[in-house]
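If you want the building blocks of each chain, they are given just below.
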Amino acid sequence: MAINDKSGGAFIAYQGNDYNKEDIVRRLQRYCPSSYNVRAISKEEHGVVFAKVVYYNYSDDRDPYYNSQTKIMTVSGYNQNEISTVNSYYSRYGIDDSDKYHVLINKIYKDYGTQVFKKLSEDMDFCSVIWDGNKRKLIGGVTRGNGEYTGLFYGHIDPDGGIMFSNCEELLQELNEKLTKTVAEPDAPEIDVDEELDV
């Protein structure tokens, strides 16, 4: 996904100390097409902010999504045409609205951890970043190849080792021209930030 497409769906998932929720929202707002705005949620005590360009009447229980019971936060990029291909998972988890894929990803991650990417890889092309509040861990992953909506890029943004994920490479480059960017690939589908940051 390129910023200059002016398309909805671009997201940022950040963990660090140099940017707060308002900084991230401001950055994404410049790239909102008409009838779109930015939805953001945060766990500022952990320096975590997830934000996404969404349709203006997007309800508050949509992506990015935080489940207060499981303490799991998710934000995802996906191909809208493939949402219905995971119907068996929707019925298994008692979800009756295919637009609630973010709830599905959250529930599968709770049960299977990072195997969520493998479990959905045959049916759906998506990328997702997950904040596991129980483990205090940030994880990014993809299912298949990096498509227009589902490429996942990340890089170390600030001096203290903060990290940012996005499905839009240009957003990362804009933050730091010297950013070492890496693409999450299907043969290494998850990035464990704790290991990346060696903390």
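To be clear, the structure that these remarks concern was listed above.
Quick caveat, the model's predicted, so the values are computed rather than measured.

J.: Teacher, can you tell me more about the environment of Cys-127 here?
T.: Here Cys-127 lies in strand S6 (residues 126-132). Given a relative accessible area of 0%, Cys-127 falls into the buried group. Linking Cys-127 and Ser-76, residues 51 residues apart in sequence, is a C-alpha distance of 5.5 Å.

J.: I tried to follow the packing of aromatic side chains on my own but got confused; where do I start?
T.: This structure, assessed with the given rule, holds four aromatic pairs. For the ring pair Tyr-14 and Tyr-19, a centre distance of 5.5 Å and an interplane angle of 85° mean the geometry is edge-to-face. In this structure Tyr-19 comes out as partly exposed when scored by relative accessible area, which is 21%. With a centroid separation of 5.4 Å and 25° between ring planes, the pair formed by Tyr-154 and Phe-165 is classed as stacked. Note that Tyr-154 is positioned in strand S8 (residues 153-156) and Phe-165 in strand S9 (residues 163-166), a separation of eleven residues in sequence. Each member of the pair, Tyr-154 as well as Phe-165, is classed as buried. Looking at Arg-92, its charged tip hangs above the ring of Tyr-89, at a distance of 4.7 Å from the centre.

J.: Got a minute to help me understand the pairing of strand S2 (residues 36-43) in this structure?
T.: Relative to strand S3 (residues 48-55), S2 runs antiparallel, the two being bridged by eight bridges. Considered in S3, the bridge of Arg-39 is made with Lys-52. Joining the antiparallel neighbours S2 and S3 is a turn of four residues, in which Gly-47 adopts a positive phi near 70°.

J.: In this structure, what is going on with the side chain of Asn-67? I would like to understand it.
T.: Residue position: Asn-67 is located in strand S4 (residues 65-67). Among all residues touching Asn-67, those that are not within four sequence positions of it are Ile-72 and Asn-106.

J.: Help me understand the side chain of Lys-52, please; the structure alone is not making it clear to me.
T.: Here Lys-52 lies in strand S3. Engagement of the side chain of Lys-52 in a polar contact is seen with the side chain of Asp-63, the distance being 2.8 Å. A distance of 2.7 Å separates the side chain of Lys-52 from the backbone oxygen of Ser-76, its partner in a polar contact.

J.: What exactly am I supposed to notice about the environment of Tyr-78 here?
T.: By secondary structure assignment, the location of Tyr-78 is in strand S5 (residues 72-78). A sequence separation of 50 residues divides Tyr-78 from Ser-128, and the C-alpha atoms of the two residues are 8.6 Å apart.

J.: Where do I start with unusual backbone geometry in this structure?
T.: Of note, the phi angle at Ser-35 is positive, near 70°, even though the residue is not glycine. Along the polypeptide, Ser-35 turns up in the loop between helix H1 (21-29) and S2.

J.: How should helix H3 (residues 101-112) be read in this particular structure?
T.: Each turn of an α-helix holds 3.6 residues, which means side chains three or four residues apart point in the same direction. Taking 1.5 Å of rise per residue, the twelve residues of H3 would be expected to cover 16 Å, and the 16 Å separating its terminal C-alpha atoms lies within 8% of that figure. Phi for Gly-113, located one or two positions after H3, is positive at around 60°.

J.: Mind showing me how you'd approach the nonpolar core here?
T.: Ranked by internal contacts, the top residues of the largest apolar core, which has 22 residues, are Leu-104, Val-116 and Leu-120. Where this core is concerned, the elements lending two or more residues are S5, helix H2 (87-92), H3, helix H4 (115-120) and S6. Broken down by element, this core gets its largest block of residues, six residues, from H3. If near-sequence neighbours (up to four positions away) are discounted, Leu-120 is found in contact with Val-86, Tyr-89, Ile-105, Ile-108, Phe-126 and Thr-143. By size, the runner-up hydrophobic cluster in this structure holds 18 residues, among which are Leu-28, Ala-40, Ala-51 and Cys-168.

Scoring rules and cut-offs
Residues numbered from 1 in each chain as written. Predicted model: local features only at pLDDT ≥ 70, side-chain atom pairs only at ≥ 80, totals over all residues. Heavy atoms only, no water. Helix = DSSP H or I, 4+ residues; strand = E, 2+ residues; numbered from the N terminus. Buried < 20%, exposed > 50% of the residue type's maximum accessible area, 1.4 Å probe, protein only. Phe/Tyr/Trp six-rings, centres within 6.5 Å; stacked < 30°, edge-to-face > 60°. Lys NZ or Arg CZ within 6 Å of the ring centre and 35° of its normal. Pairing = 2+ DSSP bridges. Contact = heavy atoms within 4.5 Å. Polar contact = N/O pair within 3.5 Å; in protein donor to acceptor, adjacent residues only side chain to side chain. Expected span 1.5 Å × (residues − 1). Core = buried A, V, L, I, M, F, W, Y, C linked by side-chain atoms within 4.5 Å.

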